[in-house]
Amino acid sequence: MAKKCLWLLFVVLFLVTGIEGVSRESAITLQNNEYTNILVSISPEVSASSTLVATIKTTFTKASAILYQATNHRAVFRDVTILVPSTWPTDPSYTAATTQVFSNSDIVFVPPPAPAPPQSNPGAGQLAGSSATPRRVDVASTKAFAGCGLPGIRITMATDLLTNRALTPTFGAPVQFCDDDQSNSSTAHNYEAPSHHNLRCGHRSTWAVISESSDFNNGNNPPRPGLSTTPVFTVVQAPKTRRLVVAIDTSSIMAVNEKLREVHQAATTVQRENTSPDVDVVVTSFGGGDEDPLAAATPTTTPTSADFSL
């Protein structure tokens, strides 16, 4: 995989690690120069492919090395979890997903968009010297509403970004962030360029914006030479059945005004309306008092009417 594709992967990842502004809370943390708890999900619309999983691993491994160089030895990708859809066949190498859910993904891989309809007059109106291959702007995107330097929602990437070399010219291939050092023409930020970055970020360089984040400001995560850049990968599979947990308070307060009877009726309704074979219902109870009620919870794994007898 060329560095041109790898670059986009970790540049935008910097913008999804926080929870400020209009953003989505992420479990990603940067401690001791290592990004952990990165959740990468594959859309259920993507066909099962062990090659895709392997390519994601290879991409992150190469991107981690570039990230380490681009941040001057201040960050690597350490812990990456790949969530595959429940619709994929089971695989001995997959473990069951626990807390990982699709809606909490930091990066989502989706199918490539449908090809554009053929032109009736190919080449008509094409500028001299331009490529016959249209520029793809739909292979990767990040929804961000909080402003410059603040986290986005998540990254969405088309799978062909990793496999189609024809797309690599769409993206640049730098191995350093643009900074304020005007003596180095290869990384010096162009303050006068009419770019979205300059417009939204007050003409500050990319590294100036990133270095103000909590990951790096005030001397956080200083350079750490000799750090391994190889991530640890875990592949988990979404459950093929939905899980529904009903927690019932059986403490003495529930005897007031027949609250316990109302809870029994509600629990019975939950059971009756969730009898589909793709739904697992688990009932737990807790007694309250001075102890933690959840510590005394007693799970029931067979969702029958007997489970709701109080």
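See the structure printed just above.
A few points on the structure.

Procedures and definitions
Residues numbered from 1 in each chain as written. Predicted model: local features only at pLDDT ≥ 70, side-chain atom pairs only at ≥ 80, totals over all residues. Heavy atoms only, no water. Helix = DSSP H or I, 4+ residues; strand = E, 2+ residues; numbered from the N terminus. Buried < 20%, exposed > 50% of the residue type's maximum accessible area, 1.4 Å probe, protein only. Contact = heavy atoms within 4.5 Å. Core = buried A, V, L, I, M, F, W, Y, C linked by side-chain atoms within 4.5 Å. Pairing = 2+ DSSP bridges. Polar contact = N/O pair within 3.5 Å; in protein donor to acceptor, adjacent residues only side chain to side chain. Disulfide = S-S within 2.5 Å. Phe/Tyr/Trp six-rings, centres within 6.5 Å; stacked < 30°, edge-to-face > 60°. Salt bridge = Lys/Arg side-chain N within 4 Å of Asp/Glu carboxyl O.

Before going further, it helps to examine the overall build of the chain. The secondary structure content of the chain amounts to 6 helices and 12 strands. Put simply, the chain has 310 residues, and 36% of those count as buried. When contacts within the chain are restricted to residue pairs at least 6 apart in sequence, those whose partners lie at least 24 apart make up 74%.

In this structure, Tyr 35, Ile 42 and Ile 56 are the most contacted members of the largest nonpolar core, which totals 33 residues. Looking at this core, the elements that each hand over two or more residues are β3 (38-42), α2 (50-70), β5 (79-84), β7 (107-110), β9 (155-158), α3 (160-163) and α5 (206-211). It is α2 that provides the largest number of residues to this core, a total of 7 residues. Excluding residues within four positions of it along the chain, Ile 56 makes contact with Val 40, Ile 42, Ile 82, Phe 109 and Leu 162.

Time to look at the sheet that holds β9. Spatially, β6-β10-β5-β3-β7-β9-β8 is the arrangement adopted by the 7 strands of the open sheet, whose pairing is mixed. The outermost strands of the open sheet, each flanked by one partner alone, are β6 (95-96) and β8 (140-142). Across 2 bridges, β6 lies against strand β10 (residues 232-237) in parallel orientation. Bridge pairing links Ala 96 to Gln 237 in β10.

Taken together, the 3 strands give an open sheet; going across it, the order is β1-β2-β4, and neighbouring strands pair in mixed fashion. In this open sheet, the two strands that pair with only one neighbour each are β1 (29-31) and β4 (76-77). Inspection of the sheet shows strand β2 (residues 34-36) paired to β4 by 2 bridges, in the parallel sense. Opposite Tyr 35, over in β4, you have Phe 77 as the bridge partner.

Let us look at the side chain of Ser 105. As for its placement among the helices and strands, Ser 105 is situated in the loop between β6 and β7. Classification of Ser 105 as buried rests on a relative accessible area of 0%. There is a polar contact of 2.5 Å between the side chain of Ser 105 and the side chain of Ser 41.

A positive phi angle is found at Asn 218, which is not glycine, with a value near 55°. A positive phi angle is found at Asn 221, which is not glycine, with a value near 50°. Mapped onto the elements of the fold, Asn 221 is located in the loop between α5 and β10. For Asn 221, a relative accessible area of 11% puts it in the buried group.

Before going further, it helps to examine the state of the cysteines. Applying the stated rule across the entire model yields 1 disulfide. Across the disulfide from Cys 148 sits Cys 201; the S-S distance is 2.0 Å. Residues Cys 148 and Cys 201 are joined by a disulfide whose S-S torsion is about 110°; by sign, that bridge is right-handed. Of the two residues, Cys 148 is situated in the loop between β8 and β9 and Cys 201 in the loop between α4 (196-200) and α5; the sequence distance between them amounts to 53 residues.

Attention shifts here to the packing of aromatic side chains. Summed over the entire model, instances satisfying the criterion amount to 4 aromatic pairs. Centroid distance Tyr 35 to Phe 77: 6.2 Å. Interplanar angle 55°. Geometry classified as tilted. With a gap of 42 residues between them, Tyr 35 in strand β2 and Phe 77 in strand β4 connect regions that are remote in the sequence. Taken individually, Tyr 35 and Phe 77 each receive the classification buried, so the pair is uniform in this respect. Ring pairs connect the aromatic residues Tyr 35, Phe 60 and Phe 77, which therefore count as one cluster.

This next bit is on the pattern of salt bridges. The tally for this structure, following the rule as stated, stands at 2 salt bridges. Of the charged contacts, one joins Glu 34 and Arg 78 as a salt bridge, the two residues approaching to 3.0 Å between their closest N and O atoms. Of this pair, Glu 34 sits in strand β2 while Arg 78 sits in the loop between β4 and β5, placing them 44 residues apart in sequence. Relative accessible area serves as the criterion here: at 19%, Glu 34 is assigned to the buried category. The exposure class assigned to Arg 78 is buried, which follows from its relative accessible area of 13%. The salt bridge involving Arg 204 is made with Glu 212; its shortest N-O contact spans 2.6 Å. Here Arg 204 falls in the partly exposed class, since its relative accessible area comes to 28%.

Read these as spatial facts, not as claims about activity.
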